[in-house]
Structure formats: structure tokens, C-alpha cells
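Survey of secondary and tertiary structure
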Amino acid sequence: MADSPCSRAPEFLSPAGEQVLEPQLGDQLLLNCTVRVSYDQRYNACDSIIQWLKDGQHFPRDSQDTSSGLDWFNNDASEKFLSSLLQVNVTEYSDYGHYSCLVRNTTAGFTLHRPGTASHIAGVIAAFIVVLILVLAVLLWVKCRLDVKLWYRNTYGDYEMYDGKTYDAYVSYTNTAHDRKFVNFILKPHLENRYSYKLHLNDTDILPASEPSAELLMNVSRCRRLIVVLSKSYLEQDWCANNFREGFWRLMELSHKPIFIMYENQYREMGHPATLLLKEHKRDITLLLWNSKSMTPSSEFWKELVLVMPRSVTYSSTMADPQTLLQDDKDPMLTLDPDYLDCRADPDPEGDLGIRVPIYKGPPPRVSALPCADLPSATPMAELRPSEIDISDLGSRSYAARTDFYCLVTDEDV
């Protein structure tokens, strides 16, 4: 039994799918809905018509939108074509929405959007993403700025070598229990053991009578940096108590951008004029504060200090003798049977010439300086005693350099 035309789904020719339009206020749109349905005169009861819906609801009778319909058949009247035009006047924001045409419980439609709505949302989302990226970048920079600077300096920075300097830093401090403990048990071990720096320590008055001594000038000239542990006891020295400003300029002349280390608890409680002077010239110096969080090697104190120090030269602990680098970093004196050496046993243990019998059985014969042709004919050839040296294998001997003495390690030793 053939299927009833009413059971066949209609085919929408226009619109072919959901269409999205963005009309301006005041525009007039003509929406076309054309559909092809199966038709049979025996089934007039299932004849189809096109109905327009707005947001899923039928149009009210007082609507300003008007529609007109048209239908026709194909040649054998087996298919029927329905067409309807809906004129939409976009005068208010309420005119935007979804317009659909309904045929046999099947719909196809148009969606009217306000112009700029989608792009505005996309712009807001893009702006939010950009702001979020900037905030994350700022947080990462604040958190990891020192690590990034250290990585860049250690990767692309210049070495301060061959400048005639003996030490990396000249450390000036006072001979008090607290400062000695900080310099000798914290500052010096950390910089020398962890970063391979070489420090010159001085616990005497750096500027006696506010004038640098000849010894001070010589020692500072041999150092690449000047570090001053500016503690409370340090500021009690004569040159600090009487005229710190003049002494400060003296230090600026001795070293470019000196490093001052102060204890944070003393720095906040101290009312010395030195603190104000250091704040005024913070671009010309490096001021570091030591606190309870500075004990960890990964603290910002050590990162900032290493950042202003010269780039350290690190040597690999696995570096071998440069003379053995061409042998794949292997020492031939400690290698068991290397393939690049001939470690076979000596074929001639009695000598390099392979002689296995005494060379002479008696005194050597007399050798005349005259040619053999000048010898008297009376002298018999039997009287000439030939040499007992075995020279029969001279052509087959190998005169290459002996390498067996390299094989100092044997299988039994291992």
C-alpha cells in the first residue's frame, strides 16, 4: 500500500535553513517561504497551507505585518508548490525575533537580530580576555621578575673577566659580634659556596679621618663590587656620625653603584640621616634589606644581591683532562682495553728486534776499512766469520710504536 501524501514531510525550498538577518530600525523586510509537498487529488483532506509564526505564536489580527500566498502544481500534478511572502516592518525593538513558516507541523524560519549585538558581546569577551591576560602577566612579573632577570643575565650577560680584578666584592663591616656572624657565617659562605664568588673582607674603619687610605684604594681597586653592611654599629663610626654625606660621596667615587645591606628592623627604627640620603640616591646605589625571610636561598634578598654582582663563571665538575677530550673524554691510562689502542701482549718479550739467542758468540770480527776487492787473494773466505744476527724476518717485522705500556689495567685487576 502506497504511503499517504499526508505522511510525507514537506521540503522547504526557501529558506533552505535557518537564516539570520540584522535589519536596522525602519527597514522593511520581505520574507519568502516556498515549500514543495506531495499531492494527490484523492486526499483533498490533507491539503496544506502556510502559516506564519512570531516567536512560536500566531500573528495577532492587528499586526502591521502582511502576507500573501501563491500555489501551483507540477506537470503530472503529483507535487504542489506553496509560496508565501511576509512583509515585516522593523519599527520597534519588539519586531526583532524569530519568524517561522509552518507547514504540516514542519517549520523553517528567519531570525532577526539587532545589528551590532553579536559583535558587542564578542568585543566584551575579547576585552575581558585581554584584561585577564594583562593581570596574569603583571602577577607573574611581580612574582618571577627576579628569576627572569637572573636567567637573562646568566644566559646573555657579559662576563667581567680579564679586567685585572682579583676579587668579586669588597665587603666592609664592623667588628661586632652580630656583624661578624652575619658576614662570616651567612654572607660569605653563601656567595662563595653557592655562586663561586671571591670576597675580600675588611672589618676596620673604611674611611679613617673621612679620607680613604692607600691600602683601601688598592684593595677596592682589586674588587669588582663594594658591599657595605650598614648596621647601627657601623653608623657609629666617626665618619658616619660626623659627616656621612661626605663619606657617602667618597664611597661613590671608589665604586660604581655600591651595595648597601641594612637590617630591616634597624632600618625602620633608625632615624639616622644616612637612611634619608640613601633614599634620595636609590638610583645610584643598591639598597638591600635583610629580614627573617632572607635566610632561605631562594629569597628575594639573595636574588637581588646576585643580580647586581658580576656574572659568575661556573665550571663543570665532570670536565676531564683536556688532553683526553679527543678520546671521547676517556683517560687512556685508566681504560680497560680501549678500541683505539693496541693492547695485545708483546709478541717479542725478549726484545724489540725479536732476537731469541745471544747476539754474539764471541768477539766481533775485524772489519777492514778497505773494500773487499782490495783484500789479498791469499786470504780465504772461510776466515771471514759471518755475524750470528738473525735477519731473515726483517721484512715481516712491525716497527710501529709500542702502545702496550698504556694497558696498565687488566682483567685480573678489575
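Here is a short report on the structure shown in this document. Along each chain, numbering runs from 1 in the same order as the chain's sequence is written. Totals for whole chains, interfaces and linings use all residues, but because this is a predicted model, local features are given only for residues with pLDDT of at least 70 and pairs of side-chain atoms are given and counted only at 80 or more. Think of the side-chain values as coming from all heavy atoms in the structure, minus any hydrogens and water.

Describing the overall build of the protein
Here a helix means four or more residues in a row that DSSP labels H or I, a strand means two or more in a row labelled E, and each is numbered from the N terminus. If you tally the helices and strands in the protein, you get 7 helices and 14 strands. Here the term buried applies to any residue with accessible area under 20% of the maximum for its type, exposed to any over 50%, and partly exposed to those in between, with areas from a 1.4 Å probe on protein chains only. For the protein, the residues scored as buried account for 30% of the 414 residues in total. Note on contacts: a residue pair qualifies if any of its non-hydrogen atoms lie within 4.5 Å across the two residues. A separation of at least 24 residues holds for 71% of the contacts in the protein among residues at least 6 apart in sequence. Accessible area of the protein: about 28100 Å², with a carbon and sulfur share of 55%. In this description, accessible areas are obtained by the Shrake-Rupley approach with a 1.4 Å probe, and a residue is regarded as covered only by the protein chains that are shown.

Some points on the nonpolar core
Within the largest apolar cluster, 26 residues are counted, with the highest numbers of intra-cluster contacts made by Ile206, Leu230, Trp239, Phe244, Phe248, Leu251 and Phe260. Going through the elements one at a time, helix H3 (214-221), strand S12 (226-229), helix H4 (238-254), strand S13 (259-263) and helix H6 (273-280) are the ones with two or more residues in this core. Looking at this core element by element, the count peaks at 6 residues for H4. Those residues in contact with Leu230, other than ones at most four positions away along the chain, are Leu235, Phe244, Phe260, Ile261, Met262 and Leu278. Residues belong to one nonpolar core when they are buried, are Ala, Val, Leu, Ile, Met, Phe, Trp, Tyr or Cys, and are joined through side-chain atoms within 4.5 Å.

Here's the deal with the packing of aromatic side chains
Pairing of aromatic rings covers Phe, Tyr and Trp, the last counted by its six-membered ring, and requires centre-to-centre distances within 6.5 Å; plane angles under 30 degrees mean stacked, over 60 mean edge-to-face, and any other angle means tilted. Under the counting rule described, the total for this entry stands at 13 aromatic pairs. Ring plane angle 70° and centroid distance 5.1 Å describe the contact between Phe182 and Trp290, whose orientation is recorded as edge-to-face. Here Phe182 is found in helix H2 (residues 177-195), whereas its partner Trp290 is found in strand S14 (residues 286-290), with 108 residues between them in sequence. The pair formed by Phe182 and Trp290 is uniform in burial state, with each residue classed as buried. Stacked on the ring of Tyr93, the Lys or Arg Arg114 has its end atom at 4.2 Å from the ring centre. The criterion is that NZ of a Lys, or CZ of an Arg, lies within 6 Å of the ring centre and within 35 degrees of the ring normal, and then a charge sits over that ring. Over the ring of Tyr167 we find Lys198, and its NZ or CZ is 5.2 Å from the ring centre.

A closer look at the state of the cysteines
Two cysteine sulfurs form a disulfide in these notes if their separation is within 2.5 Å. According to the stated counting rule, one finds 1 disulfide in the structure shown. Sulfur-sulfur distance for the disulfide between Cys33 and Cys101 comes to 2.1 Å. In this structure the cystine formed by Cys33 and Cys101 twists about its S-S bond by roughly 75°; its chirality is therefore right-handed. Of this pair, Cys33 sits in strand S3 (residues 28-38) while Cys101 sits in strand S8 (residues 97-103); the two residues are 68 residues apart in sequence, bridging distant segments of the chain. Summarising the burial analysis for this pair, Cys33 and Cys101 share the class buried.

Here's the deal with the pattern of salt bridges
Once the charged atoms of two side chains with opposite charge are near each other, the side chains can pair. Here, a salt bridge means any Lys or Arg side-chain nitrogen found within 4 Å of an Asp or Glu carboxyl oxygen. Counted under the stated rule, the structure contains 8 salt bridges. The partner of Asp163 in a salt bridge is Arg224, and the shortest N-O contact between them spans 3.0 Å. Of the two residues, Asp163 sits in the loop between helix H1 (117-156) and strand S10 (169-172) while Arg224 sits in the loop between H3 and S12, which places them 61 residues apart along the sequence. A relative accessible area of 35% means that Asp163 is categorised as partly exposed. Linking Arg268 and Glu264 is a salt bridge whose minimum nitrogen-to-oxygen distance equals 2.7 Å. Of this pair, Arg268 and Glu264 both sit in helix H5 (residues 264-269), 4 residues apart, which is roughly one turn of the helix. Residue Arg268 is classed as exposed on the basis of its relative accessible area of 65%. We classify Glu264 as buried; its relative accessible area is 17%. Beyond isolated ion pairs, a larger network of salt bridges with shared partners links Asp163, Asp168 and Arg224.

Concerning the pairing of S3
One bridge is not enough; two strands pair if DSSP finds at least two bridges between them. Bridge count for strand S1 (residues 11-14) against S3 is 3 bridges, and the pairing is antiparallel. In the strand pairing of S3, Phe12 is matched with Val35.

Some points on unusual backbone geometry
With an omega of 0°, the peptide bond running from Ser14 to Pro15 counts as cis. Checked against the element boundaries, Pro15 lands in the loop between S1 and strand S2 (19-21). The residue Arg104 is not glycine, and still its phi comes out positive at about 50°. For Arg104, a relative accessible area of 23% corresponds to the partly exposed category.

Points about the sheet that holds S2
Spatially, the 5 strands line up as an open sheet ordered S2-S9-S8-S4-S5, and their pairing is mixed. In this open sheet, the two strands that pair with only one neighbour each are S2 and strand S5 (57-58). Here S8 runs beside strand S9 (residues 106-112); their pairing, made up of 7 bridges, is antiparallel. Residue pairing across strands places Cys101 opposite Ala108, the latter belonging to S9.

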